[in-house]
Structure formats: structure tokens, C-alpha cells
Amino acid sequence: MRVTPTLFGHAEALLGELLRATFAADQVVAAYFRQHRGLGHGERGFVAELVFAVLRRRRSLTERCAGDLSSRRLLLAALACVTGMNRRQLAEVASESESKWLAQAKAVRSEDLPAAVRLDLPDWLYSELLAGFAADELERLAVALNQPAPLDLRVNPLKRGRDEVLEKLLAGGLAATACPYSPLGIRLAGKPALARHPLFVDGSIEVQDEGSQLLGYLLQPRRGQMVADFCAGAGGKTLLLGALMHSQGRLYAFDVAERRLAKLKPRLARSGLSNVYPVRIDSERDPRVGRLAGKLDRVLVDAPCSGLGTLRRNPDLKWRQSPASVAELAAKQAAILAAAANLVKPGGRLVYATCSLLEAENDRVVDAFLAQFPQFVTRPAAQVLQQQDIALDTGERLRLLPHRHATDGFFATVLERR
């Protein structure tokens, strides 16, 4: 798309808001576009992707900006150094002096930058990841995290089969392919508008990353069971669990935020499910949770986490999180997992999952839980998936990574009560 002064002005205003914001970038972007409804779908996409490019590459761009960290300078650097636009393409928005500066910025060699700067990671996060990945693989991981995520869909099997949905999407001119792992997953090229697509309106499809879909298959709920999505949020995984249960049995969607559960209601109405019971709770110790102790067949804990596995979608998180916030989250995760475990009946299954890349939120939380609750044992994640004809061998515990699996970064452990 041609970079006009008007479009660049929107990007500059939006980036200024993002750099000052104290809450999530996607909320800031959505609010900005609600205030500027005159922007078309393609224009919104261009502006959003440009400002997200700055958030992804902020550290290396800062190094190239020679001390001038204005929104304008960062955006010009992103256009020239990340998207590769040349002087002619930037003629409408860059002055003569800025064009000369951009030539110098582009001349900075990435290999001359310190590793954490080159990979656009804060020092603490680079050190944490280096403890779990070899340097060459960490490089591949960081590069993948700095790319925009594809748009994944999940087919609602209560409405249609995946082959039928693929056929309709292709007939409508959308480039769609089946996801390699999830039996219900479809990956689209680009970011088409779907809110008014007939398949979305009638509940045949939902937007959901393939990695997130696989968590439902690890839980493997069955018809007629009692199941809980313990941290349901807006209900993406709840809807999948309900579909896997064929809308039979009882499925509780617990969350502490009424605002998040409110987003589930219209999705639930489209889905055709009749076995979902959304419940706002005050905390993991809410009496409404306690009344279900020892009664549930399946419990999913997709725990609140740093979100560092979702940096393709939420690049601001790497600049917002810190060692202190991760430690605080790990304590909360341990408390939630312990509370959820009390709901599981003997022979039942508990799945603990995060979209984090850090051991502090993943293996360490699970290992501490197993030491405290010896009545639970782990079941190999690859084995559970293989039983459902999903060929994905990530070992005893599920570890999904964007550079290996083209999904968000996910961790999950299958725990069963003896």
C-alpha cells in the first residue's frame, strides 16, 4: 500500500498512544480505530501492522535511531529497515534530511549489534530463554516471534465438517489450507475481514490459534462428562470443549472477569452449544468452585501467564513483563492449579497450560505441584494426541514453538488423578 501523509499521520498518532499506554496494545489499537471509522479495512491493516512492526523491533530500531526516539523517527526506521521501502517509496512522508538519515540507519549492520538488541529482546528475557535454548535455536525462535502470526480458524463440528468449510472458503476467494495438527484447524493467508462472513455469522468457524486448539484434544472431554474450563476468558477453548462433548454433559466456564465472560455470550449463541454454564467467580477459592470438589471428569487450567509465547500477536508484552511480574504470575499459577486439582475426581484428568516460554511458569509450576499432590501423575502428551490421530511428538509435556510448529508458543502437561 502507498504510504500517504494521511496514513503515516494515523500511524504516528497511534504509535504515540501505544508508547504511552499502560494497558494491552490490541485494546489501544481497537479503541483508536473505533474513533476513526473512516479508515477502510486495508488502511487499518496497514496502520496496525506498521505500529506493531515498531513494537516488535523496538530495540534494534532504537539503536538505529541515533537517540531520536520520536514516533515519527521510529516509524520511518521501520518502513526503511523492516519493510524495506526505498527512498522513492517514502518520498511523500520523508524529508530530504530524513532520507539521508535513513540511509545511515539502513547501513547499520545487524551482526554488529549485541545479540539481545539484534533479536529485539530485553536483556532479562534473552538471558532466561538462553537458559532453555541453544543460541542458534534461540535466534530462530526470536526471528519467528518477530513475524506476524497467521490467521487460524477452528471449524465447529456441530455445524459443518472441515472439508466443507475449506471448500466454501476457497470458493469465496480466500486462500485457505488445513492446519497440519488440529483436526478442526484451517489457516488463512493474509488477514481478511471475517466478522460478516456467513460461516462466522452462523457459528461454523471461530478464530483460534492451532496451538490453542490442541489443548482441547489434550483434555479429551467426552459426551456426558462434567468438565470445567477453569480460566475460560472469552471462551475460545470452552467452545471447542463443548463441541468435543457433542453438547452433552455439563461444561462450566469459570473466570474472575465479567467483561471476559461477556464476550463468550454472543459466541456461545452462534455455536449452537447447550451444555455450557458461564460462571463468574471471585477467585479460585470461590464457594461455587468448592461445591464441585471431587466431582469433575476433566478440568482445563489455561493459566493467566506472561503471554510471551504470543509475541507474534502481542509484541508489547516483552516490554511490559519483568522478572518480578513473572514471579508474581508463577505464584498465582500454583494457587490456581492447586484449587483446580481439588475438583478432579479419581480417574479424572487435569491439563495445565500456559502460552509462556519460561520454565518459571511451566515446568517449575508443574514439578512443584506434583511434589505437593502425589495423587496426580503425568501422562505423555504425545500419547494422548496420538490416540486421536494427531501426529505431534513433543515429548512428555507439550511444547509448541512458532519456529518449529508455526503456532503460538504453548506449554501443557496432562495430569491424571490416581
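Refer to the structure printed above.
Because the structure is a prediction, the values reported are computed rather than measured.

Novice: Even after reading the chapter, I still don't get the side chain of N146, so can you show me in this structure?
Specialist: Summarising the element assignment, N146 is placed in the loop between α9 (135–145) and β1 (151–155). Residue N146 is classed as buried on the basis of its relative accessible area, which comes to 11%. A polar atom in the side chain of N146 sits 3.3 Å from the backbone oxygen of L119. Those residues in contact with N146, other than ones at most four positions away along the chain, are R56, R57, L119, D120 and K318.

Novice: Help me understand the pattern of salt bridges in this model?
Specialist: Any two side chains of opposite charge can pair, given that their charged atoms come close. Tallied over the entire structure, the rule returns 33 salt bridges. Here D136 ties to R140 by a salt bridge, and the two come within 3.9 Å at their closest N and O atoms. Of this pair, D136 and R140 both sit in helix α9, separated by four residues, roughly a single helical turn. In this structure, D316 and R320 form a salt bridge, with 3.5 Å as the shortest nitrogen-oxygen distance. Judged by relative accessible area, D316 falls into the buried class, the value being 8%. Since its relative accessible area comes to 38%, R320 is described here as partly exposed. Each of D209, R312, R313 and D408 takes part in salt bridges that share partners, so that together they form one network.

Novice: Which parts of the structure should I look at to understand the nonpolar core?
Specialist: Considering soluble globular proteins, one finds that nonpolar side chains tend to be buried as a cluster. Ranked by internal contacts, the top residues of the largest apolar core, which has 37 residues, are L14, L18, F33, V51, L75, L79 and L90. Among the elements of the structure, α1 (5–20), α2 (25–35), α3 (41–56), α5 (71–82) and α6 (96–107) are those that each provide at least two residues to this core. Once residues lying within four places of it in the same chain are set aside, the contact partners of L90 are L79, A80, M85 and L102.

Novice: Is there a simple way to explain unusual backbone geometry in this structure?
Specialist: Most peptide bonds take the trans form, and the phi angle of most residues other than glycine is negative. Even without glycine at this site, D120 takes up a positive phi of about 60 degrees. Following the sequence through the fold, D120 ends up in the loop between α7 (115–118) and α8 (123–130). Overall, the relative accessible area of 0% leaves D120 in the buried class. Phi angles above zero are rare outside glycine, and D389 is one such case at about 60 degrees. Here D389 is to be found in the loop between α19 (381–386) and β11 (398–400).

Novice: I keep staring at the sheet that holds strand β2 (residues 176–178) and nothing clicks. Help me out?
Specialist: Consider a sheet: its strands pair through backbone hydrogen bonds, and that pairing is either parallel or antiparallel. Reading across the sheet, the four strands line up as β2-β3-β1-β4 and stay open at both edges, with antiparallel pairing between neighbours. The open sheet is flanked by β2 and β4 (205–207), the only strands paired with a single partner. Direction aside, the axes of adjacent strands within the sheet are offset by 35 degrees on average. Judged from the three bridges that link them, β1 and β4 form a sheet pairing that is antiparallel. By the bridge assignment, V155 is partnered in β4 with I205.

Here is what the cut-offs are and how they apply
Counting restarts for each chain: residues are numbered from 1 in the order of the written sequence. In keeping with the predicted nature of the model, local features appear solely for residues at pLDDT of at least 70, side-chain atom pairs appear and are counted solely at 80 or more, and the whole-chain, interface and lining totals rest on all residues. Where side-chain values are given, they derive from all heavy atoms of the structure, hydrogens and water being excluded. Helix and strand assignments follow DSSP, with helices taken as H or I runs no shorter than four residues and strands as E runs no shorter than two, numbered in order from the N terminus. Only protein chains enter the calculation, and the probe is 1.4 Å; a residue is then buried if its accessible area is under 20% of its type maximum, exposed if over 50%, and partly exposed in between. For this analysis, a polar contact is any N or O atom pair within 3.5 Å, provided that within protein one partner can donate a hydrogen and the other can accept it, and provided that sequence-adjacent residues contribute only side-chain to side-chain pairs. Two residues form a contact once any of their heavy atoms are found within 4.5 Å. Should a side-chain nitrogen of Lys or Arg be within 4 Å of a carboxyl oxygen of Asp or Glu, the pair is scored as a salt bridge. Residue types Ala, Val, Leu, Ile, Met, Phe, Trp, Tyr and Cys, when buried and joined through side-chain atoms within 4.5 Å, form a set referred to as a nonpolar core. Any two strands are treated as partners once DSSP identifies two or more bridges connecting them. Helix axes use the C-alpha atoms of the stretch in contact, all axes being lines fitted to C-alpha atoms, and the angles between their N-to-C directions lie in the range 0 to 180 degrees.

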